[in-house]
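Here is what each chain is made of, one letter per residue.
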Amino acid sequence: MTYDFAGGWSTRAGHNSPLFASSAEGPGAGSSAGTILHLLEKRKVPADRLALGLPLYGRGFPVAEPRAPLPKGFKTFNVNAKGVGKLLAEGWTRVWDDEIKAPWLIAPDKTKVLGYDDAESMKAKTEWAMSKGLRGVFFWQIDGDRLPDGSNPLQQAAHAAWSAGR
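Residues numbered from 1 in each chain as written. Predicted model: local features only at pLDDT ≥ 70, side-chain atom pairs only at ≥ 80, totals over all residues. Heavy atoms only, no water.

Visitor: Quick question: what am I supposed to make of the environment of E65 here?
Guide: Within the fold, E65 resides in the loop between β2 (57-61) and β3 (77-80). Among the residues examined, E65 registers a relative accessible area of 48% and is labelled partly exposed. Non-local contacts of E65, meaning those with residues more than four positions away in its chain, are made with A13 and V113. (Helix = DSSP H or I, 4+ residues; strand = E, 2+ residues; numbered from the N terminus. Buried < 20%, exposed > 50% of the residue type's maximum accessible area, 1.4 Å probe, protein only. Contact = heavy atoms within 4.5 Å.)

Visitor: Where do I start with the sheet that holds β3 in this structure?
Guide: Two orientations exist for strands paired in a sheet by backbone hydrogen bonds: parallel and antiparallel. Taken together, 5 strands build an open sheet; the order of strands is β3-β2-β6-β5-β4 and the sheet is antiparallel. Either end of the sheet is taken by a strand with one partner, and the two such strands are β3 and β4 (93-97). The mean inter-strand angle of the sheet, taken between neighbouring strand axes irrespective of direction, is 30°. The pairing of strand β5 (residues 102-106) with strand β6 (residues 113-115) spans 3 bridges and is antiparallel. Within the sheet, the bridge partner assigned to I106 lies in β6 and is V113. (Pairing = 2+ DSSP bridges. Axes fitted to C-alpha atoms, helices over the stretch in contact; angles between N-to-C directions.)

Visitor: Would you take a moment to explain the pattern of salt bridges for this structure?
Guide: Between side chains of opposite charge, a pair can form when the charged atoms approach closely. Summed over all chains, the structure comprises 7 salt bridges. Here D98 makes a salt bridge to K101, at a shortest N to O gap of 2.9 Å. Among the residues examined, D98 registers a relative accessible area of 49% and is labelled partly exposed. When the shortest N-O distance is used, the salt bridge between D117 and K125 registers 2.8 Å. In this structure D117 comes out as buried when scored by relative accessible area, which is 6%. What emerges from the salt-bridge pattern is a single network uniting R94, D118 and E120. (Salt bridge = Lys/Arg side-chain N within 4 Å of Asp/Glu carboxyl O.)

Visitor: Help me understand empty space enclosed by the protein, please; the structure alone is not making it clear to me.
Guide: Where empty space is left can be seen by rolling a probe of water-molecule size over the atoms. On inspection of all chains with the given rule, the structure shows 1 cavity of 30 Å³ or more. There is about 40 Å³ of room inside the largest cavity. Lining the largest cavity, in full, are L56, Y57, G58, V79, N80, A81, V84, Y116, D117 and L154. Elements with a minimum of two residues in the lining of the largest cavity: β2, β3 and α2 (81-89). Here the lining of the largest cavity is composed, by residue class, of 7 nonpolar, 2 polar and 1 charged. (1 Å grid on protein atoms, 1.4 Å probe; cavity = no way out; pocket = protein on both sides within 12 Å on 5 of 7 lines; lining within 4 Å. Points joined across faces, edges and corners; volume = space filled by probe spheres on them. Nonpolar A, V, L, I, M, F, W, Y, C, P; charged D, E, K, R; others polar.)

Visitor: Looking at this structure, how should I read unusual backbone geometry?
Guide: Both trends apply: most residues other than glycine have a negative phi, and most peptide bonds are in trans. The peptide bond linking W140 to Q141 adopts the cis configuration, its omega dihedral lying at -10°. Tracing the chain through its elements places Q141 in the loop between β7 (136-140) and α4 (153-165). The backbone of K44 sits at a positive phi, close to 60°, despite the residue not being glycine. Residue K110 is not a glycine yet carries a positive backbone phi of 60°. Locating K110 in the fold gives a position in the loop between β5 and β6.

Don't take any of this as a statement about function, it's just geometry.
Next comes the structure, spelled out in structure tokens:
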């Protein structure tokens, strides 16, 4: 599983599914790449037996910025792709984190942050999976990016990246 790296158990507002670990989180910070590399290099699992998990939801925290310390008794919130579109329409700001290769949304009043995936991060993760010779990618939860018009933009971004890399 290469998601759920941050949640109700966290001490800081971390990204749900960073491709690479954040240096701001210190040693032991989890990441999709770190998990897969552990399986490939330490556990010697053949690459063609692994698929990179791509979440179709993000996880939010009640703090002003990514990686901020979390207050006691905090509650997280999950948002799927439909919800991300609504937040953007409400004025949330998208910020790209180039170190982890994933975006954040920051609430207009700076009281909440959301680590999530978009087409850009899905493409980066899919290309990375291909570069490691993985069997493929998979999505959780499959209807998480099903928009009212019937499109699946996150799945489509991953598919396009995989098709382009063949």
